[in-house]
Amino acid sequence: MRLDGSTIRLEAVSLDRGGRTVFDDLSLDLPEPRIGLVGDNGSGKSTLLRLMNGLLLPDRGRVLVHGRETARHRKDLPSIAGFIFQNPDHQIIFPTVVEEIAFGLRHRGFARREAEQRATALLEETGRGDWADRPVHELSQGEKQLVCILSVLAMEPRVILLDEPFSSLDLVTREAMARRVRRLDQQVVMASHELDMIADFDRVVWLERGRVRADGTPGEVLAAYRRHAREAGEVMA
Ligand SMILES: Nc1ncnc2c1ncn2[C@@H]1O[C@H](COP(=O)(O)OP(=O)(O)OP(=O)(O)O)[C@@H](O)[C@H]1O
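Residues numbered from 1 in each chain as written. Predicted model: local features only at pLDDT ≥ 70, side-chain atom pairs only at ≥ 80, totals over all residues. Heavy atoms only, no water.

- Within an unreviewed UniProt entry, the label attached to the chain reads ABC transporter ATP-binding protein, and the organism entered is Kaustia mangrovi.
- In its Sequence similarities (unreviewed entry) section, the UniProt record describing the chain reads: "Belongs to the ABC transporter superfamily." (UniProt positions renumbered as here; feature names shortened; annotations may be inferred.)

### A few points about the confidence of the model for the chain
(1) Moving on: Here the chain shows a mean pLDDT of 90. Residues at 70 or above account for 97%.
(2) Moving on: Predicted as a complex, the structure gets a pTM of 0.89 and an ipTM equal to 0.97. (pLDDT = per-residue confidence, 0-100.)

### Some details on the packing of aromatic side chains
(1) Moving on: Going through the model one piece at a time under the given rule, you end up with three aromatic pairs.
(2) Moving on: Between phenylalanine 94 and phenylalanine 103 the ring centres are 5.1 Å apart and the planes differ by 40°, which places this aromatic pair in the tilted class.
(3) Moving on: Its relative accessible area of 39% is what places phenylalanine 103 among the partly exposed residues. (Phe/Tyr/Trp six-rings, centres within 6.5 Å; stacked < 30°, edge-to-face > 60°. Buried < 20%, exposed > 50% of the residue type's maximum accessible area, 1.4 Å probe, protein only.)

### Looking at the domain arrangement of the chain
(1) Moving on: Looking at the assigned domains, one finds that the chain contains domain 1 (1–80 + 161–236) and domain 2 (95–156).
(2) Moving on: Averaged C-alpha coordinates put domain 1 and domain 2 at centres separated by 25 Å.
(3) Moving on: Listed per partner, the contact involves 13 residues of domain 1 and 14 residues of domain 2.
(4) Moving on: Buried area between domain 1 and domain 2, summed over both chains or domains, comes out near 1,000 Å², and the portion from carbon and sulfur atoms is 60%.
(5) Moving on: At the junction of domain 1 with domain 2, the criterion picks out three residue pairs in polar contact (both at pLDDT 80 or more).
(6) Moving on: Considering each element in turn, the side of domain 1 that touches domain 2 owes the most residues, three residues, to helix α6 (residues 171–183).
(7) Moving on: Split into classes, the residues belonging to the side of domain 1 that touches domain 2 amount to six nonpolar, five polar and two charged. (Domains from an automatic or database assignment. Contact = heavy atoms within 4.5 Å. Buried area = accessible area lost by both parts, 1.4 Å probe. Polar contact = N/O pair within 3.5 Å; in protein donor to acceptor, adjacent residues only side chain to side chain. Helix = DSSP H or I, 4+ residues; strand = E, 2+ residues; numbered from the N terminus. Nonpolar A, V, L, I, M, F, W, Y, C, P; charged D, E, K, R; others polar.)

The structure is reproduced here in structure tokens:
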């Protein structure tokens, strides 16, 4: 695994949304190649990922992604920190699969024809060579999710931020994507309710109401989170 010692750093970050405080003075240093985020619904995982790619800016404090402060480098950030959304409909903007995947490549400086050739090659490599000209709106939710994942992978950003990326994928595609994520050279930060997906990561951060409840190896943190889920689930049932 090659990483250049870069890190994602939150320095005393505070953020309110809709009049509610989501983060209050949160600091985190995240240099590990594979970082998982867990936490109950509404604990702040998606918001944290959005802070990391500049979709959201902190009200106070700073977010630095591989040396760039998000508030100052908002325009460059998508090519540094690629974001795979929970809902593919929030990400897809082009009518056909090949255009959607080629968009990121054009952003990286490839001419249209080369971008489309590369996008087609990526689809072929993934066993979806016949998808290139398919209208995206005709794809199933899981198929759209795969297009979103491929679009971000095609851009080869330094950091890949994944927000529940596999929820609609069938088991075979999920396995294939999980393997692909494991092989990536880039830093990966993934929020997931599927704890098996992050069980072999370097570090897991458990968020609770915008604060870090636990932070450590997957072995420790996931065991504690599973215990919490069992206990809280019993109370709720
Ligand atoms: N656009 C918004 N306006 C107001 N509040 C918001 C907005 N987006 C998120 N929040 C609030 O911020 C908090 C954190 O939400 P977030 O989506 O980050 O949680 P999450 O951990 O990703 O949840 P889930 O597991 O359900 O995806 C929640 O209390 C949510 O209501």
